[in-house]
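# Architecture and fold: a report
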Amino acid sequence: MSRKVRARWLLIIMAAGGLLLAACTWPGLEPSPAATLTSQPRPTSPVSGTPAASPFRPELPLYRDPAQPVEVRVADLLSRMTLDEKIGQMALVERSAISDPRDIATFGLGGILSGGGSVPTPNTPSAWADMVDGFQRAALSSRLGIPILYGVDAVHGHNNVVGATIFPHNIGLGATRNPALVQKVAQITAREVYATGIRWTFSPCLCVGRDERWGRTYECFGEDPEVVSMMAGPAVRGYQGPDLSAPNAILATAKHWVADGGTQGGVDRGDAVLSEEELRRVHIPPYVEAIRAGVGSVMASFSSWNGTKMHGNPYLLTTVLKEELGFRGFLVSDWGAIDQLPGDYASDVRTAINAGIDMVMVPYDYQQFLQTLRAEVQAGRIRQERIDDAVSRILIQKFALGLFERPLADRSGIGDIGSPAHREVARQAVRESLVLLKNEGNILPISPNRKNILVAGSNGDDIGSQCGGWTITWQGERGDITPGTTIYQGIKNLAPPGTQVTYARQPVSLSGYDLGIVVIGERPYAEWYGDDADLEISPEDAAAVQQVCDAMPCVVILISGRPMIINTQLAQADALIAAWLPGTEGDGVAEVLFGRYDFTGKLPVSWPRSIDQLPLNVGDAGYDPLFPYGFGLSYSSSSTGP
Ligand code: GLC
């Protein structure tokens, strides 16, 4: 063995040892598959106890040898990388910002993403796979051939893609109280994402939504750490599977670290003014579960804690998340979030990286980011060790994903995107997400004697509304935006033979019907666009409920991302259902309305009597909601509310 090769071996063993030391586990938090350095169990050498590498293959650079332990591959690759190649890995760039694909190799970019609604044309699964493979081939042409990691917000299915299965948003999944189902939903989402060549989703959102005025309430599994923690691990395991390198496994992202759902007044990207005791009791527990499940990435929150921006908080990003909780994946910033730090851009970059951000979602001017980061390192304001730690964390996940061995799309599952089998699971999720709040005189289940049913209301026949935000576009939109079944179509399909079902958004004639079903609620929105100070029912919806319920027995179904102020409608309706944002399988609603399945959903949030009660959470002193956290009627339970 030449002196040079021996020196490289020595360097590698030292570096690998260092990486292993850095990955010490935290008491009570067992190391988990994807987060540990060595994703495959290795025979240990009889002497050192460190993982024994396979027989030396001098013709193959160590980092290229999948038989080598991940820490050996990382150490070898790191030892070969220039500073520019290292900092390139720390850049996550929006696809539309890349005008020349050669930049991917020139700058050694680590990640590319599709922001919400950033889609190829045509927006088909094959076009997605072609697009991602195109970027990947550009990346593989770089000197060291490090593959890129492509990420999307697949938060309730592969929701940017027309024809994908769209599941209920998290607030509806929280109402199911069914972790196994949540894991199955994530697993199916991963299959559909994987089939388009994408290996990373910015999901699950582990926000604990403490104030329903927040536009992202629907992205939370609920208001209490109990229900969010219940779903955190299963969601991560659903996406990542037992082995990140296996087919259909994608990297998950626990977001947004931390207390994004705890801001004052529910203001998006606002300030969570709360004690460290409350932060640890309410907002951190779901991340403990996600880390225990091996989550490979965490996204930092735009929000602040007691006035300090999360992206510039080394205590929470490094001391708590990485050292205390033992998170060994990589920490990614949110969309241009470092720009919101105080100071100039150089200060933003320095502050964020030194605080613990490993990969920066730039997302546009990547050359400025890379130039600035290089300058900060060369000036000694960011230590080389911090760069090496960040890049190691990123490379560990890329090796764990098997990206070096299988960088291009495996399209074998592309035909399953939006398949009947996937939609059946989505229908189950819809059924189990429904919460029955009132059922006066057991008007439900719909009796076969109802021969003329009117479906009315703004959200009765609208796929876009029942999917909500983060669907095809960032904000989502009303209309026939993707294949699926509306609630009206579901009722019409399932009604017994001889039953007439009519849809009229704002009915003109109200005579001749023996049951009215009025589907009301919110328009699609995402992020701060959904911040709402009063949560009132729209005048159009209020009028529709009043007219129909005055004229016939009526059921009101609320399609919304959160509780709304429904006192008037609750008094007018014989039955009232919270259906949240069910996604493409609206017939799941009809299956329960006709009694094929019973209601099992339980409120994952407290339902306020008035907006003045907010924030209103279970366990509060003087807790007096309209409907409490955990409430939900069924056909077998009493027919009246509280
Ligand atoms: C957004 C969201 C985040 C998302 C990211 C990429 O601003 O805050 O949840 O993952 O940008 O789309």
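Thresholds applied
Residues numbered from 1 in each chain as written. Predicted model: local features only at pLDDT ≥ 70, side-chain atom pairs only at ≥ 80, totals over all residues. Heavy atoms only, no water. Disulfide = S-S within 2.5 Å. Helix = DSSP H or I, 4+ residues; strand = E, 2+ residues; numbered from the N terminus. Axes fitted to C-alpha atoms, helices over the stretch in contact; angles between N-to-C directions. Left-handed = near helix turned anticlockwise from the far one by under 90°. Contact = heavy atoms within 4.5 Å. Nonpolar A, V, L, I, M, F, W, Y, C, P; charged D, E, K, R; others polar. Domains from an automatic or database assignment. Buried area = accessible area lost by both parts, 1.4 Å probe. Salt bridge = Lys/Arg side-chain N within 4 Å of Asp/Glu carboxyl O. Expected span 1.5 Å × (residues − 1). Buried < 20%, exposed > 50% of the residue type's maximum accessible area, 1.4 Å probe, protein only. Polar contact = N/O pair within 3.5 Å; in protein donor to acceptor, adjacent residues only side chain to side chain. Pairing = 2+ DSSP bridges. Near = heavy atom within 4 Å. Areas by Shrake-Rupley, 256 points an atom, 1.4 Å probe, with all protein chains shown as cover. Parallel < 35°, antiparallel > 145°, perpendicular 65-115°, else oblique.

## A word on the state of the cysteines
Scanning the entire structure with this criterion turns up two disulfides. Between the sulfur atoms of Cys-207 and its disulfide mate Cys-220 the distance is 2.3 Å. One quick way to see it: the torsion about the S-S bond of Cys-207 and Cys-220 is about -120 degrees, and its sign makes the bridge left-handed. Of the two residues, Cys-207 sits in the loop between β4 (200–201) and α8 (225–240) while Cys-220 sits in the loop between β4 and α8, which places them 13 residues apart along the sequence.

## Things to note about the packing of helix α7 (residues 179–194) against helix α15 (residues 420–433)
A packed helix pair is summarised by two numbers, namely the angle formed by the two axes and the spacing between the axes. Close contact between α7 and α15 brings their axes to 10 Å; oriented N to C, the two are set at 145 degrees. α7 and α15 meet at a crossing whose hand is left-handed. Residues Leu-181, Lys-184, Val-185, Ile-188, Arg-191 and Glu-192 of α7 lie in contact with α15, whose contacting residues are His-422, Val-425, Gln-428, Ala-429 and Glu-432. Across the contact of α7 with α15, the residue classes tally to five nonpolar, two polar and four charged.

## Description of the domain arrangement of the chain
By a widespread convention, an interface's size corresponds to the accessible area lost as its parts come together. According to the domain assignment, the chain consists of domain 1 (22–30 + 58–80), domain 2 (88–408) and domain 3 (420–613). Centre-to-centre separation of domain 2 and domain 3, based on C-alpha positions: 33 Å. Between domain 2 and domain 3, roughly 3500 Å² of surface is buried when both sides are summed, and carbon and sulfur atoms account for 59% of that area. Three residues stand out in domain 2 for area buried against domain 3, namely Glu-212, Arg-213 and Tyr-218, and they jointly supply 17% of the buried area on that side. At the junction of domain 2 and domain 3, the tally comes to two salt bridges.

## Details of α7
Along its 16 residues, α7 runs 22 Å from first to last C-alpha, staying within 8% of the 22 Å computed at 1.5 Å per residue. Inspection of α7 places Leu-181, Val-182, Val-185, Ala-186, Ile-188, Thr-189, Ala-190, Glu-192, Val-193 and Tyr-194 among the buried residues, and these make up the whole buried set. The backbone nitrogen of Ala-180 lies 3.2 Å from a side-chain oxygen of the residue at the head of α7, namely Asn-178.

## Considerations on the side chain of Ser-304
Locating Ser-304 in the fold gives a position in strand β8 (residues 304–305). Using a relative accessible area of 8% as the deciding quantity, one classes Ser-304 as buried. Residue contacts for Ser-304: discarding those within four places in its chain leaves Gly-270, Asp-271, Ala-272, Lys-309 and Met-310.

## Section: the sheet that holds strand β10 (residues 330–332)
Here three strands make up an open sheet; going across it, the order is β5-β7-β10 and the pairing parallel. This sheet does not close on itself; its edge strands, each paired only once, are β5 (253–257) and β10. Between one strand and the next, the sheet's axes are offset by a mean angle of 25 degrees, whatever the strand orientation. Sheet topology places strand β7 (residues 297–300) next to β10; three bridges connect them, and they run parallel. In the sheet register, Val-298 faces β10, and the bridge partner there is Leu-331. Where helix α10 (residues 285–292) meets the sheet, it contacts β5 and β7, and its direction lies at approximately 155 degrees from that of β5.

## A short note on the site of the ligand
Looking at the ligand, there are 16 residues lining it, with Asp-153, Arg-216, Lys-255, His-256 and Asp-334 nearest. The separation between an oxygen atom of the ligand and a polar side-chain atom of Arg-269 is 3.4 Å. In isolation the ligand exposes 310 Å². Once the protein is present, 97% of that is buried. Split into classes, the residues belonging to the shell around the ligand amount to seven nonpolar, three polar and six charged.

## Focus on the packing of helix α12 (residues 345–355) against helix α13 (residues 366–378)
Between α12 and α13, the shortest axis-to-axis distance is 9 Å and the interhelical angle comes to 70 degrees. The angle between α12 and α13 places the two elements in the roughly perpendicular class. Note that α12 runs across α13; the crossing there is right-handed. From α12, Tyr-345, Ala-346, Val-349, Arg-350 and Ile-353 reach across to α13, where they touch Gln-368, Phe-369, Thr-372, Leu-373 and Glu-376. Looking at the contact of α12 with α13 residue by residue, the classes come out as six nonpolar, two polar and two charged.

## Re unusual backbone geometry
Omega for the bond connecting Ser-203 with Pro-204 falls within 30 degrees of zero, at 15 degrees, which places this linkage in the cis form. If you trace the backbone, Pro-204 turns up in the loop between β4 and α8. The omega torsion across Leu-444 and Pro-445 is 0 degrees, close enough to zero to call that bond cis. Here Asn-248, not a glycine, exhibits a phi torsion of approximately 70 degrees, which is positive. Since its relative accessible area comes to 23%, Asn-248 is described here as partly exposed. With a phi close to 55 degrees, Trp-580 is a non-glycine residue in the positive phi region. With respect to the helices, strands and loops of the structure, Trp-580 is situated in strand β17 (residues 575–580). What makes Trp-580 buried here is its relative accessible area of 1%.

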